[in-house]
Amino acid sequence: EAYLSNAGLAADPATDMWRGMIAVEQERWEDARRRLGAGADAAYFYPPIWQARYEAALARATLELGDYAAAEQHLYAIEAGEPDEQSRLDAAYVAARLDEARGNLDSAIEQLEALAQSGNPPMEARAIYELTRARLAAEQISREQAIDDLENLRFRWRGDSIESDTIRTLGELY
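Residues numbered from 1 in each chain as written. Predicted model: local features only at pLDDT ≥ 70, side-chain atom pairs only at ≥ 80, totals over all residues. Heavy atoms only, no water.

S.K.: Could you give an account of unusual backbone geometry, with specific residues and numbers?
M.R.: Of note in the backbone geometry, Glu27 takes a positive phi value of approximately 60° without being a glycine. Checked against the element boundaries, Glu27 lands in the loop between α1 (13–25) and α2 (29–38). Phi is positive for Glu139, which is not a glycine, with a value near 60°. Secondary-structure assignment places Glu139 in the loop between α8 (121–137) and α9 (143–156). (Helix = DSSP H or I, 4+ residues; strand = E, 2+ residues; numbered from the N terminus.)

Spelled out as structure tokens, the structure:
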């Protein structure tokens, strides 16, 4: 992000778009939504793959901020474009989380199960965490099974918020 802090880039909407993408990776949701919104005009000038990634980032930020209607609109934009595999996975994750938030746990669980087998390690870890939470909420697994699943994830994945969320949830379950 330091590279994008040059005074000459301050008025460039593309800079905001990239800062917003960084904010999503750092889970700074308010900042991400603000910056991605400010960079919306610049996204049009990028190749379709990057437009889809931009929409996926906005979908995730709006989901995390509880704006489900906006998240759904960004998912539609991804479908209408030319998404790459990563954008498709990100969109599927947001769609699963939207279903969960709207109380459609069976659909969310089905989608998360597919993501947990996606072959993309970061997505698999995120999906396993969310899948365990959703199954526990739907009473499909016991507290002991959730602990076992999260303990396995704790040793499988390290280094970002998935790890800290896993440890926090384990603490709540113990």
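Next comes the rest of the description.
S.K.: Which residues make up the environment of Thr62, and what are the values?
M.R.: With respect to the helices, strands and loops of the structure, Thr62 is situated in helix α4 (residues 48–64). As a C-alpha pair, Thr62 and Trp29 span 33 residues in sequence and 7.6 Å in three-dimensional space. Sequence-distant contacts of Thr62, defined by excluding residues within four places in its chain, comprise Arg33, Asp67, Ala70, Ala71 and His74. From its side chain, Thr62 meets the backbone oxygen of Leu58 in a polar contact 2.9 Å long. (Contact = heavy atoms within 4.5 Å. Polar contact = N/O pair within 3.5 Å; in protein donor to acceptor, adjacent residues only side chain to side chain.)

S.K.: Explain the side chain of Glu163 residue by residue, including any values.
M.R.: As for its placement among the helices and strands, Glu163 is situated in helix α10 (residues 161–173). At a separation of 2.8 Å, a polar atom in the side chain of Glu163 contacts the main-chain amide nitrogen of Gly159. Discounting chain neighbours no more than four positions away, the residues touching Glu163 are Trp157 and Arg158.

S.K.: Pulling in residues and values, what's your account of the environment of Asn120?
M.R.: With respect to the secondary-structure elements, Asn120 resides in the loop between α7 (105–115) and α8. Note: C-alpha distance between Asn120 and Leu89 (31 residues apart in sequence) is 8.7 Å. Sequence-distant contacts of Asn120, that is, excluding residues within four places in its chain, are made with Gln86 and Leu89. Polar contacts involving the side chain of Asn120 include one to the side chain of Gln86, which spans 2.9 Å.

S.K.: Quick rundown of the nonpolar core? Include the residues and the values.
M.R.: Counting 23 residues, the largest nonpolar core has Leu112, Leu115, Leu150, Leu153 and Ile162 as the members making the most contacts within it. For this core, the secondary-structure elements that each account for two or more residues are α6 (85–101), α7, α8, α9 and α10. Top element by residues in this core is α8. It accounts for seven residues. Those residues in contact with Leu115 that lie beyond four places of it in its chain are Leu89, Ala92, Tyr93, Met123, Glu124 and Ala127. (Core = buried A, V, L, I, M, F, W, Y, C linked by side-chain atoms within 4.5 Å. Buried < 20%, exposed > 50% of the residue type's maximum accessible area, 1.4 Å probe, protein only.)

S.K.: Summarise the pattern of salt bridges; cite the residues concerned and give the values.
M.R.: This structure, assessed with the given rule, holds 20 salt bridges. A salt bridge links Arg133 to Glu130, with the nearest nitrogen and oxygen atoms 2.3 Å apart. Of this pair, Arg133 and Glu130 both sit in helix α8, separated by three residues, roughly a single helical turn. Taking the relative accessible area as the measure of exposure, Arg133 reaches 33% and is therefore partly exposed. Since its relative accessible area comes to 7%, Glu130 is described here as buried. Of the charged contacts in the structure, one is a salt bridge between Arg158 and Glu163, with a shortest N-O distance of 3.1 Å. Three or more residues joined by partner-sharing salt bridges are found here, namely Arg60, Glu64, Arg97, Glu100, Glu130 and Arg133. (Salt bridge = Lys/Arg side-chain N within 4 Å of Asp/Glu carboxyl O.)

S.K.: Please give an account of α4 that cites residues and values.
M.R.: Here α4 contains 17 residues, and its C-alpha end-to-end distance of 24 Å stays within 8% of the 24 Å for a straight helix at 1.5 Å per residue. For α4, the complete set of buried residues consists of Ala52, Tyr54, Glu55, Ala56, Ala57, Leu58, Ala59, Arg60, Ala61, Thr62 and Leu63. Among the structural elements, α1, α2, α3 (40–43), α5 (68–80), α6 and α8 are those in contact with the buried residues of α4. With its phi angle positive at about 85°, Gly66 sits one or two positions after the end of α4. (Expected span 1.5 Å × (residues − 1).)

As far as function goes, none of this settles anything; it's purely spatial.
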